[in-house]
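An overview of the molecular structure
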Amino acid sequence: MASLQSSPSIHRTLFFNSSPQLGLRKHGTFPCYRRGIRAEQTAASTSHSHDRSGRRQFIAVGVIAPLFSLVNHTSLSFAAETSKGFLSFTDKYDGYSFLYPFGWQEVIIEGEDKVYKDVIEPLESVSINLVPTSKEDIRDFGSPQQVAETLVKNVLAPSSQKTKLIEASEHDVDGIAYYTFEFIAQAPNYTRHALSTICVGNGKFYTLTTGANERRWEKMKDRLHTVVNSFKLFNA
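Predicted model only: the values in this text are computed from it and were never measured. (Residues numbered from 1 in each chain as written. Predicted model: local features only at pLDDT ≥ 70, side-chain atom pairs only at ≥ 80, totals over all residues. Heavy atoms only, no water.)

**Description of the side chain of asparagine 213**
Stated precisely, the cut-off is as follows: Strands here mean DSSP runs of E at least two residues long; helices mean DSSP runs of H or I at least four residues long; both are numbered from the N terminus. Buried means the residue's accessible area, taken with a 1.4 Å probe over protein chains only, is under 20% of the maximum for its type, while exposed means over 50%, and partly exposed covers the values in between. Contact between two residues is taken to exist if any of their heavy atoms lie within 4.5 Å; hydrogens are not considered.
By secondary structure assignment, the location of asparagine 213 is in strand β9 (residues 204–213). We classify asparagine 213 as buried; its relative accessible area is 14%. Residue contacts for asparagine 213: discarding those within four places in its chain leaves Leu123, Tyr190 and Thr191.

Here's what the structure looks like:
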């Protein structure tokens, strides 16, 4: 585990000024649909029927157009439901992707490949760290418990903080093994409750870590689990 112990720290600090990076998408517009009204056959009532047809047409448009708009809006909402409240990041060069909560902004931290955080609650963040490795599988480093304990104690929190590993587990996605674990890092003035997932691929050891202040854990834990479970590797 020497290679892990000498890796750069994942969370030295997240108290940096952030830069705005979120944009707004223009909403699409929906076409109006009209229903044709059959003309009256009697020439003597042409003027009257034209007026009546106009009223019918107006009513038809008023009823049908909102229905089509509702159907289209519902379809778009359903399509976005699986990632509602989250944005996606993909790094094609290093071969990974993940989701992060809408509103978190990107910050640059030396030694980290990518970091997003909440500007109001700076302990709420996600970071990606990459370390070159000759290993081909995370299991080559040891069991989930062994690797997690080493990372939590030596890498994922400053040595001055008291740490506790809560649980560690292994899962497989598309033939790639991932270790996921939960831990607490206690500083003199705050406690951070965190989740990490680690894996090996593309000649790199990947570590994604996300977390929140302990006082906000119950409110944030579902979103943080979404973040950590969304992390995926692909061939770069």
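Once you've had a look at it, read on.
**Considerations on the sheet that holds strand β2 (residues 96–101)**
Heads up, the condition is: Two strands pair if DSSP finds at least two bridges between them. An axis is simply a line fitted to the C-alpha atoms; with a helix, the fit covers only the stretch in contact. Between two such axes, the angle follows the N-to-C directions and lies from 0 to 180 degrees.
Judged by pairing direction, the sheet is antiparallel, and its 3 strands sit side by side in the order β1-β2-β10 without closing on themselves. In the strand order of this sheet, the two ends are held by β1 (86–91) and β10 (232–233), each with one partner. Sheet analysis places β1 next to β2, joined by 6 bridges and oriented antiparallel. Within β2, the residue paired with serine 88 across the bridge is leucine 99. Across the sheet, helix α4 (residues 217–230) lies against β1, β2 and β10, angled at about 170° from β2, the strand it touches most.

**Some thoughts on the sheet that holds strand β5 (residues 125–132)**
Across the sheet, which stays open at both edges, the 7 strands sit in the order β3-β4-β5-β9-β8-β7-β6 with antiparallel pairing between neighbours. Among the strands making up the open sheet, the edge pair consists of β3 (105–107) and β6 (162–173). Direction aside, neighbouring strands of the sheet carry axes that sit 20° apart on average. With 10 bridges connecting them, strand β8 (residues 191–201) and β9 associate as antiparallel partners. Bridge assignment links serine 196 to a residue of β9, and that residue is threonine 209. Against the sheet, helix α3 (residues 144–154) makes contact with β6, β7 (176–186), β8 and β9, and its axis sits at roughly 135° relative to β6, the strand it touches most. Set on the sheet, α4 makes contact with β5, β7, β8 and β9; between it and β9 the angle comes to about 160°.

**Examining the pattern of salt bridges**
The test is simple: Every case where a carboxyl oxygen of Asp or Glu lies within 4 Å of a side-chain nitrogen of Lys or Arg is listed as a salt bridge.
Tallied over the entire structure, the rule returns 7 salt bridges. With its nearest N and O atoms 2.8 Å apart, the salt bridge here joins lysine 114 to glutamate 106. The exposure classification of lysine 114 matches that of glutamate 106, with both residues buried. Note that arginine 215 is salt-bridged to glutamate 121, the shortest N-O span being 3.0 Å. Of this pair, arginine 215 sits in the loop between β9 and α4 while glutamate 121 sits in the loop between β4 (114–117) and β5; the two residues are 94 residues apart in sequence, bridging distant segments of the chain. Residue arginine 215 is classed as exposed on the basis of its relative accessible area of 60%. What makes glutamate 121 buried here is its relative accessible area of 17%.

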